[in-house]
Amino acid sequence: MTEMKNKGILLVVSGPSGCGKGTVLSHLFSNDKSFALSVSLTTRQPRPGEIDGVHYGFVSREEFRKNIDAHNMLEYTEYCGNYYGTPENRVNELLEQGVNVVLEIETEGAMNVKRARPDAVLVMILPPSYTILEKRLRSRGTNSEEDIAKRLARAREELANLPEYHYCLVNEEGQSKKTADALRAIVVSEKSRICRNTGILEHFYK
Ligand code: 5GP
């Protein structure tokens, strides 16, 4: 059996656009090298302040398709008219080094990861309510009305996948640090699961 104790956890974090998962994750990563974000590729345009190679790798549709054809993607999907996907190599390298790798991806991609990597831990971050989600999307000011409508419709579809997830966390207003702490606690618990520590007694008796 494989000794998984020293490997990182593959953590899939989903949540409707506007649920605040970006802020939660920035708390998770701040001053903690045991977590790393997998930088996705996308064909959407960068938002103000977004940096190529940090928030996403921003690529053309043609370049994205090339990566699919070369089997470089752990998963990918089309979301609101753009491609989004996870390059696989970097994820594996980090997991081998014992780093917990976070995939911040929507539900279709999450279901694909669940199938391909049964040891992945899936967490859904929820806003306190649908009304608050709508308010947050509008207050961002960077999405058009059409895009907001698409994202709200998509939110309903995504929430229907909740039973497929292992954990859910409600990200209360102004409590993103607390939500990040809860996420950290999930990883601590997962690391202690017997199935991730199959060689522990051999180590104990040696
Ligand atoms: P946004 O355009 O707001 O940055 O992202 C839109 C949605 O795409 C979000 O739900 C985000 O989690 C998801 N997303 C970002 N990267 C990936 C990816 O690599 N794969 C998948 N399946 N979804 C992604």
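Notes on the structure in this doc start here. (Residues numbered from 1 in each chain as written. Predicted model: local features only at pLDDT ≥ 70, side-chain atom pairs only at ≥ 80, totals over all residues. Heavy atoms only, no water.)

Let us look at the layout of surface pockets. Reported here for the largest pocket is a volume of approximately 920 Å³. Lining the largest pocket are 36 residues, with K21, G22, R47, Y56 and E104 positioned closest to its centre. Mapped by element, the contributors of at least two residues to the lining of the largest pocket are helix 1 (21-29), strand 5 (73-79), strand 6 (82-87), helix 5 (130-140) and helix 6 (145-159). The greatest single-element share of the lining of the largest pocket, amounting to six residues, is contributed by helix 1. Empty space within the second largest pocket amounts to approximately 150 Å³. Contributing elements (two or more residues each) for the lining of the second largest pocket: strand 6 and helix 6. When residues in the lining of the second largest pocket are grouped by element, the largest group, three residues, is from helix 6. Within the lining of the second largest pocket, the residues separate by chemical class into three nonpolar, five polar and five charged. (1 Å grid on protein atoms, 1.4 Å probe; cavity = no way out; pocket = protein on both sides within 12 Å on 5 of 7 lines; lining within 4 Å. Points joined across faces, edges and corners; volume = space filled by probe spheres on them. Helix = DSSP H or I, 4+ residues; strand = E, 2+ residues; numbered from the N terminus. Nonpolar A, V, L, I, M, F, W, Y, C, P; charged D, E, K, R; others polar.)

Before going further, it helps to examine a nonpolar patch on the surface. A grouping of I200, L201, F204 and Y205 is seen on the molecular surface, where their side chains present a nonpolar patch of about 500 Å² in accessible area. Following the sequence through the fold, I200 ends up in helix 8 (residues 200-205). Classification of I200 as partly exposed rests on a relative accessible area of 40%. (Patch = residues over 30% accessible without salt bridge, like charges linked within 9 Å, V, L, I, M, F, W, Y side chains within 5 Å. Areas by Shrake-Rupley, 256 points an atom, 1.4 Å probe, with all protein chains shown as cover. Salt bridge = Lys/Arg side-chain N within 4 Å of Asp/Glu carboxyl O. Buried < 20%, exposed > 50% of the residue type's maximum accessible area, 1.4 Å probe, protein only.)

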